[in-house]
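Structural overview for review
Here is how the chains run, residue by residue.
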Amino acid sequence: MHPVRKKRLFVIMIILVLLGSVVSLIMYALQQNINLFYSPSQIVTGEAPYNANIRAGGMVVEGSVARDPETLAVSFEVTDFRHKVKIEFNGILPDLFREGQGIVAQGKLNSNGVFVATQVLAKHDEKYMPPEVTEALENAQNTSLNNTSNIQPTY
Amino acid sequence: MSWTWFHKLGSPKWFFHWSKSLALPLFGFGCICLLFGLVWGVAFAPEDYQQGNSFRIIYIHVPAAILAQSCYLALGLSGLVFLVWQMKIAPIFIKAVAPVGAVMALMALVSGAIWGKPTWGTWWVWDARLTSVLVLFLLYMGIIALQNSLNDVTLANKAVAVISVVGLINLPIIKYSVEWWNTLHQGATFTLTEKPAMPAEMWVPLLISTIGLYCLVAGLALWRMQTEILIREHRSNWVKQEVMKDGL
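Residues numbered from 1 in each chain as written. Chains lettered and ligands numbered in written order. Predicted model: local features only at pLDDT ≥ 70, side-chain atom pairs only at ≥ 80, totals over all residues. Heavy atoms only, no water.

Okay, the overall build of chain B next. Helix and strand counts for chain B stand at 10 helices and 0 strands. Along the first, second and third principal axes, the C-alpha atoms of chain B reach 60 × 40 × 35 Å. In chain B, which comprises 248 residues, the share counted as buried stands at 49%. Considering only intrachain contacts with a sequence separation of at least 6, the fraction spanning at least 24 residues in chain B is 76%. Counting every atom, chain B has about 12,000 Å² of accessible surface; 71% of that belongs to carbon and sulfur. (Helix = DSSP H or I, 4+ residues; strand = E, 2+ residues; numbered from the N terminus. Buried < 20%, exposed > 50% of the residue type's maximum accessible area, 1.4 Å probe, protein only. Contact = heavy atoms within 4.5 Å. Areas by Shrake-Rupley, 256 points an atom, 1.4 Å probe, with all protein chains shown as cover.)

Right, here's the structure in full:
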């Protein structure tokens, strides 16, 4: 390679590395603002501000969804498997909302530690499966559970 | 190592003759592949257990998003090639591919919004992945605007190459946005090291439509480059001969 070109390449690389580090430092400093939501742990440990418009995200706890039969009001708990936060919402939930599903709620944390949501969004994971496969998986799991329960008394 | 082949690649004349017969087959093959992959994905692939049929927009969303990033990577690398080796072909490539990449980024954004409404419950959310792809689209628009606003070709070449190279920083941000921060967008389904998180009857049509879109974009890029070469080199003898030969 010609020395002039080598020098130019070298200079461009240095500029790119410097710019890259500037950008990463800025993003590191703004991490709290780039993160879309607070996790239940962050809310419980008091990292999230009270009475400010924030988002909370986590998995809906199995068996925690309570619907008001008269209105659209619904309450449920979300977890990151360490801490739980109760969310109250009055409105239409997305189709993908169900127990065990990841969700992101927008709203305010009140002084009782309950998150009052104005909007609930469903998060989905990166896995895609045909419905028959999920059924087969569930069946397999059930039979293996039955098998273990059959075996257990012999111990 | 001999660099002759590399420098030869940078000659517009050599490139024009070499790529002349390549654009149409690439474009045609790409169209057929894309159509095949899309019909398979939309009509015959199984539906998703959670999202049902709305997941089928993946067959447009993912290829468009991959192409938007690949085009930018190519733009950035040719910007680097121009700044270091001053090859004439590099700015021609940037000028030809930038609008195509912008369309791909727009397609990814729009199809993502259409997909987001039924699954997430919103068209748009300012999470790291969505925002960084919007930045990618704006980078493309910036490159196109700068290219068209500068009348001095030498200046335009250099300015556009500089933005292309600097914008490369955005690509790892897009890729890792879903890992570095918590986002509404899910993580990557496809990685080089692990098995894809979807069965073969879902990812095979996706792979075919992605390959199809790659070929289609490559064909388009070659055509656009050939046109740009003819415009830029219109004073040279070989272009005059080329045009006369086609009976104009």
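What follows concerns unusual backbone geometry. Residues and elements named next belong to chain A. Positive phi, close to 55 degrees, is recorded for Asn51, a residue that is not glycine. For Asn51, a relative accessible area of 56% corresponds to the exposed category. Phi is positive for Phe81, which is not a glycine, with a value near 70 degrees. Within the secondary structure layout, Phe81 lies in the loop between β3 (73-79) and β4 (84-90). Since its relative accessible area comes to 66%, Phe81 is described here as exposed.

Attention now goes to the packing of aromatic side chains. One pass over the structure, following the stated rule, counts 13 aromatic pairs over all chains. Ring plane angle 55 degrees and centroid distance 5.4 Å describe the contact between B:Phe15 and B:Trp18, whose orientation is recorded as tilted. Placement of the pair is B:Phe15 and B:Trp18 together in helix α2 (residues 12-19), with a separation of 3 residues, close to one helical turn. By relative accessible area, B:Phe15 is classed as buried at 7%. Residue B:Trp18 is classed as partly exposed on the basis of its relative accessible area of 42%. Ring geometry for B:Trp180 versus B:Trp181: centroids 5.7 Å apart, planes at 90 degrees, classification edge-to-face. Residue B:Trp180 is classed as partly exposed on the basis of its relative accessible area, which comes to 43%. Here the aromatic residues A:Tyr128, B:Phe55, B:Tyr59 and B:Trp115 are joined through ring pairs into a cluster of three or more. For the cation-ring pair, B:Lys175 lies above B:Tyr176, with the distance from its terminal atom to the ring centre recorded as 5.1 Å. (Phe/Tyr/Trp six-rings, centres within 6.5 Å; stacked < 30°, edge-to-face > 60°. Lys NZ or Arg CZ within 6 Å of the ring centre and 35° of its normal.)

The next thing to look at is the confidence of the model for chain A. Confidence in the prediction for chain A averages 85 pLDDT; 92% of positions are at 70 or higher. The model gives residues 149-155 of chain A a pLDDT under 50, and that stretch makes 0 contacts with residues more than four places away or in other chains. (pLDDT = per-residue confidence, 0-100.)

The next subject is helix α1 (residues 3-29) of chain A. Under the 1.5 Å per step criterion, the end-to-end length of α1(A) is 39 Å for 27 residues, consistent within 8% with the ideal 39 Å. Those residues of α1(A) hidden inside the fold are in contact with α2 (31-34) of chain A together with α4 (58-85), α7 (153-167) and α8 (170-180) of chain B. (Expected span 1.5 Å × (residues − 1).)

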